[in-house]
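Summary of structural features
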Amino acid sequence: MKRKWLLVGTFLVTVISGCTNKTNDDAQINALKTKVEEQQKAIHELKQENEKLTKKTSEQQMNKDVLHIALDVVASLQAKDMNRLATYVHPEKGVRFSPYGHVNIDSDVVFKKNELPSLMESDRIYHFGTFDGSGQPIDMTFGDYFQKFVYDVDFASPHMIGNNVVIGKGNTLENIHDVYPNAVFVEFHFTGFDKQANGMDWRSLRLVFEKQGDTWYLVGIVHDQWTI
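Below, the structure is looked at part by part. (Residues numbered from 1 in each chain as written. Predicted model: local features only at pLDDT ≥ 70, side-chain atom pairs only at ≥ 80, totals over all residues. Heavy atoms only, no water.)

Using the criterion set out here, one finds 14 aromatic pairs in the structure. Consider the rings of Phe97 and Phe142, whose centres lie 5.3 Å apart with planes at 85°: the pair is edge-to-face. You can see Phe97 sitting in strand E1 (residues 95–98) and its partner Phe142 sitting in helix H3 (residues 142–149), a full 45 residues away along the chain. As far as burial versus exposure is concerned, Phe97 and Phe142 are alike and both buried. What links up through ring pairs into an aromatic cluster is the set Phe97, Tyr100, Phe111, Tyr126, Phe128, Phe131, Phe142, Tyr145, Phe146 and Phe149. Above the ring of Phe149, the side-chain terminus of Lys148 is found at 5.7 Å from the ring centroid. (Phe/Tyr/Trp six-rings, centres within 6.5 Å; stacked < 30°, edge-to-face > 60°. Helix = DSSP H or I, 4+ residues; strand = E, 2+ residues; numbered from the N terminus. Buried < 20%, exposed > 50% of the residue type's maximum accessible area, 1.4 Å probe, protein only. Lys NZ or Arg CZ within 6 Å of the ring centre and 35° of its normal.)

What follows is the structure, given as structure tokens:
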């Protein structure tokens, strides 16, 4: 009888020992699993940081490239050098001229790059939209439009330059991002000229670019000012 109890006792010790070993194995497995999960999380976070850094570097390079082109475009406008301007115009879409910040795809005039060189000397009357306030048609030659709605102030020497950021804001519903969703723009802005106007005589010129292949092309020239 005593021997029987001894055997049972030995059996219980064995079972308990097995349970203990199993518990230790489970703990080691869970610890290893936690460590693997932590490593995977760290790798994922590192990958995200690398992607952000790559994107930021790409955007910085893009902004630098576009800004360089925009500065040359505004210099071309300052010189009224339409041949030089044409070299930057999109080969298929041409360039749209908008007199105000609200780009109107129905009335704004689009010129192809091969049309630009002869525009300054042309006597042809174009319909460029309507004047703010009066609603009268903007019917004029390109040369007259250029003087009033493209280079009416010296945008090559602005007070501020915005890189894909709208600076000048008035009553006009600005929609540049909606009309050009795949584009970037550079804004040349004057905060104002007459102190008595309290900034209501501000002017902006936004040059809009879209990328085709490895090249950024001019697709829009948007003039803006305070509107009624």
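Here we come to the side chain of Asp201. On the secondary structure map, Asp201 appears in the loop between strand E6 (183–190) and strand E7 (203–212). No salt bridge forms around the buried Asp201; measuring N to O, its nearest opposite-charge neighbour Arg203 is 6.5 Å away. A distance of 2.7 Å separates a polar atom in the side chain of Asp201 from the backbone nitrogen of Asp194. Setting aside anything within four residues of it in sequence, one finds Asp201 in contact with Gly192, Phe193 and Asp194. (Lys, Arg positive; Asp, Glu negative; His and termini not counted. Salt bridge = Lys/Arg side-chain N within 4 Å of Asp/Glu carboxyl O. Polar contact = N/O pair within 3.5 Å; in protein donor to acceptor, adjacent residues only side chain to side chain. Contact = heavy atoms within 4.5 Å.)

What follows is about the environment of Val73. Mapped onto the elements, Val73 comes out in helix H1 (residues 2–78). Taking the C-alpha atoms as reference points, Val73 and Arg84, separated by 11 residues in sequence, lie 8.1 Å from one another. Apart from the residues lying within four places of it in its own chain, the contact partners of Val73 are Leu85, Tyr88, Leu207, Phe209 and Leu218.

Whenever strands of a sheet pair, they do so through backbone hydrogen bonds, lying parallel or antiparallel. Sheet architecture is open: 6 strands sit in the order E2-E1-E8-E7-E6-E5, paired in mixed fashion. Where the open sheet ends on each side, the last strands, each with one partner, are strand E2 (109–111) and strand E5 (160–163). With strand direction ignored, the average angle separating the axes of adjacent strands in the sheet is 20°. Examined bridge by bridge, E1 and strand E8 (residues 215–225) share 3 bridges and lie parallel to one another. The residue bridging Phe97 from the neighbouring strand is Ile221, located in E8. Of the strands in this sheet, E1, E2 and E8 touch H3, which is tilted by about 60° from E1. (Pairing = 2+ DSSP bridges. Axes fitted to C-alpha atoms, helices over the stretch in contact; angles between N-to-C directions.)

With that settled, consider the pattern of salt bridges. Taken as a whole and judged by the stated rule, the model has 5 salt bridges. A salt bridge links Arg203 to Asp152, with the shortest nitrogen-to-oxygen separation between them at 2.9 Å. One end of the pair, Arg203, is in strand E7; the other, Asp152, is in the loop between H3 and E5, with 51 residues separating them in the sequence. On the basis of relative accessible area, Asp152 is assigned to the partly exposed category, the value being 26%. The salt bridge partner of Arg206 is Asp224, with a shortest N-O separation of 3.1 Å. A residue pair is termed long-range when its members are at least 10 positions apart, and Arg206 in strand E7 and Asp224 in strand E8 qualify at 18 residues. On the basis of relative accessible area, Arg206 is assigned to the buried category, the value being 0%. Using a relative accessible area of 3% as the deciding quantity, one classes Asp224 as buried. In this structure, a network of salt bridges that share partners links the residues Glu187, Arg206 and Asp224.

The values are spatial; any link to function lies outside them.
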